[in-house]
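Results of the structural survey
Now for the letters of each chain:
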Amino acid sequence: MRPYIEIDLNALISNYLLLKAHVDRPLIAVIKANAYGHGALPVCQALEAAGCEMVAVARSSEAVDLLAQPRQASILVLGVSDVDDLPTLITAGVTLGVSTAKEAKQIIDAAAKLGLRAKTHLKLDTGMRRLGALPSDAAALADTLTNHTDLCGVYTHFAAADEPCLDSAEQQYEQFNQLCNALSLSNNPNICRHVANSAATMLKPEWALDAVRPGIALYGSYPSEHVRARCQQQLPLQTTLSVYSPISQQKTLAAGDAVSYGGTWVAEHATVIGHSQVGYGDGYMRHLSGKGQVSIDGRIYPIVGRVCMDQFAVNLGQTTDCKWMELLGKNVNIDDMASQCATIGYEILTHLNSRLPRVYRR
Ligand SMILES: Cc1ncc(COP(=O)(O)O)c(C=O)c1O
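Just so we're clear, the structure is a prediction, and the values are computed from it rather than from any experiment.

What follows concerns the sheet that holds strand E6 (residues 119-123). In spatial order, the strands read E2-E3-E4-E5-E6-E7-E8; together these 7 strands make up an open sheet with parallel pairing. Edge positions in the sheet fall to strand E2 (28-30) and strand E8 (192-194), since each of these pairs with one other strand and no more. For this sheet the average axis-to-axis angle between neighbouring strands, irrespective of direction, equals 25°. The sheet contact formed by E2 and strand E3 (residues 54-57) spans 3 bridges and is parallel. When the bridges of E3 are listed, Val30 appears paired with Ala56. Sitting on the sheet, helix H7 (residues 135-148) touches strand E5 (95-98), E6 and strand E7 (150-155), and the angle it makes with E6 is about 170°.

Surrounding the ligand, one finds Val30, Leu78, His157, Asn197, Ser198, Arg213, Pro214, Gly215, Ile216, Ala217 and Pro223. Here the shell around the ligand is built from residues that sort into 6 nonpolar, 4 polar and 1 charged.

Let us now look at helix H3 (residues 40-49). For H3, the full list of buried residues reads Ala40, Val43, Cys44, Ala46 and Leu47. One side of H3 carries all its buried residues, which in axial view fall inside an arc of 165°. In this structure, the buried residues of H3 make contact with helix H1 (9-23), E2, helix H2 (32-36), E3 and helix H4 (60-67). At the exit of H3 stands Gly51, carrying a positive phi of roughly 110°.

Turning next to the environment of Ile107. By the element assignment, Ile107 lies in helix H6 (residues 101-114). Measuring from C-alpha to C-alpha, the distance between Ile107 and His148 comes to 9.5 Å, with 41 residues separating the pair along the chain. The residues contacting Ile107, other than those within four sequence positions of it, are Leu86, Leu96, Val98, Ala118, Thr120 and Thr149.

Moving on: the packing of H1 against H3. Packing of H1 against H3 leaves a shortest axis separation of 10 Å and a crossing angle of 55°. It follows that H1 is oblique to H3 by the angle criterion. Classified by chirality, the crossing of H3 by H1 is right-handed. Every residue of H3 that contacts H1 at Leu9, Leu12, Ile13 and Tyr16 is listed here: Pro42, Val43, Ala46 and Leu47. For the contact of H1 with H3, the per-class residue count stands at 8 nonpolar, no polar and no charged.

Before going further, it helps to examine the domain arrangement of the protein. By domain assignment, the protein separates into domain 1 (9-226) and domain 2 (241-361). A straight line from the C-alpha centre of domain 1 to that of domain 2 covers 37 Å. Every contact between the two is made by 13 residues of domain 1 and, on the other side, 12 residues of domain 2. A class-by-class count of the residues in the side of domain 1 that touches domain 2 yields 7 nonpolar, 5 polar and 1 charged.

Ala29, Ile31 and Val55 are the most contacted members of the largest nonpolar core, which has 116 residues in total. Sort the elements by how many residues they give to this core and H1 lands first, with 7 residues. Filtering out sequence-adjacent residues up to four positions away, Val55 remains in contact with Ala29, Ile31, Cys44, Leu47, Ala73 and Ile75.

This part covers unusual backbone geometry. A positive phi angle, close to 50°, is found at Ala33, a residue other than glycine. Relative to the assigned elements, Ala33 resides in helix H2. For Asn187, which is not a glycine, the phi torsion comes out positive at approximately 45°.

On to the pairing of strand E13 (residues 271-275), then. The pairing of strand E10 (residues 250-253) with E13 spans 4 bridges and is classified as antiparallel. By the bridge assignment, Gln250 is partnered in E13 with Gly274. Note that E13 and strand E16 (residues 313-317) share 4 bridges and pair antiparallel. Within the sheet, the bridge partner assigned to Ile273 lies in E16 and is Asn315.

Turning to its location among the elements, Ala111 is positioned in helix H6. Taking the C-beta count within 10 Å as the criterion, Ala111 has 23 such neighbours and is therefore assigned buried. Sequence separation between Ala111 and Leu89 is 22 residues; the distance between their C-alpha atoms is 9.7 Å. Contact partners of Ala111, with chain neighbours within four places excluded, come to Ile90, Leu116, Arg117 and Ala118.

A regular strand places its side chains on the two faces of the sheet in alternate fashion. Of all 5 residues that make up E6, 5 are buried, and the element is covered over most of its length. Side-chain alternation along E6 places Lys119, His121 and Lys123 on one buried face and Thr120 and Leu122 on a second face that is also buried. The pairing of E5 with E6 spans 4 bridges and is classified as parallel. Residue pairing in the sheet places Thr95 in a bridge with Lys119 of E6. Once the chain exits E5 it traverses H6 before rejoining the sheet at E6, and the crossover so formed is right-handed.

What counts and what doesn't
Residues numbered from 1 in each chain as written. Predicted model: local features only at pLDDT ≥ 70, side-chain atom pairs only at ≥ 80, totals over all residues. Pairing = 2+ DSSP bridges. Helix = DSSP H or I, 4+ residues; strand = E, 2+ residues; numbered from the N terminus. Axes fitted to C-alpha atoms, helices over the stretch in contact; angles between N-to-C directions. Contact = placed C-beta atoms within 7 Å. Near = placed C-beta within 6 Å. Nonpolar A, V, L, I, M, F, W, Y, C, P; charged D, E, K, R; others polar. Buried ≥ 20, exposed ≤ 12 C-beta atoms within 10 Å, placed from the backbone. Arc of directions from axis to C-beta. Parallel < 35°, antiparallel > 145°, perpendicular 65-115°, else oblique. Left-handed = near helix turned anticlockwise from the far one by under 90°. Domains from an automatic or database assignment. Core = buried A, V, L, I, M, F, W, Y, C linked by C-beta atoms within 7 Å. Right-handed = clockwise from strand over helix to strand, strands pointing away.

Below you can see the structure in the form of structure tokens.
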């Protein structure tokens, strides 16, 4: 018996189909960072079996890894592609996001050496001030990509589509459309325009354009508390990832016994604690020390004392015959956990590391 992560691929597909029906557009499923900790290949394979034609990753190395595996969906690299990866990616027909003239030149030169034209999507910076061409540089870059690559898409990324006020997202959306019109990239059957992350997909289906680009919602977590409050009823996401641990030692404490490093929790009366076999060394958040919860047989129990690298203690009250505890999943909600840690579901998921084996269920 050892701790593990269970991935429910049916839940993933249900979230995929829910979002797709909501916008009635193709989804470019974001599977960067190992599909938000779920495993890029199994997620990619499950999504393509459900009809998903394109997946997106952040780095070219993630695309190279996927290319070595059996999968069919085409791949979009959202970020800057490493020059060393370009020959592999261009030969395999991977679509490359391009933000600068320098990246464009590297891609065009690499493709020329292969006697090929690279597939590209132009990335526009409409306000995030991260990657993407500024509006002043967009026309020149679009020209270069049109003349020397197969330009087949254009995109931007919202800085604040998950907040109660959507004014800045609206400005970004409008600027994106103005740029697409000016660059003759609108209503062009050869150009896929995509802007919507999970938040925009859920809150603003009318911004879906030619495709949407959600990540976190596929994995059963809402991008923010605000989006959760607004959308949970209409768009109930299913839990895709659960963490289970055996209950290792159960121990009866006397009143006054202090638990774990620093002795931050002291038993007020005789009580039984049980230990998980998971800790921050698995990516379980140390912030949950003294405030997180686990579920045992459907009942919630509090974590007591500090989360250690390999284990933490749970106040069971009395001994249990149960062998397992759920650390995250249907009974221990990811977004509640994220709030307890003053973070977001994205970080909870991507922290969980490879010491916890992934088991896939359908
Ligand atoms: C460029 C880009 N598009 C789409 C996404 C997906 O966003 P989300 O997971 O909020 O749906 C991300 C993730 O951060 C991203 O960086």
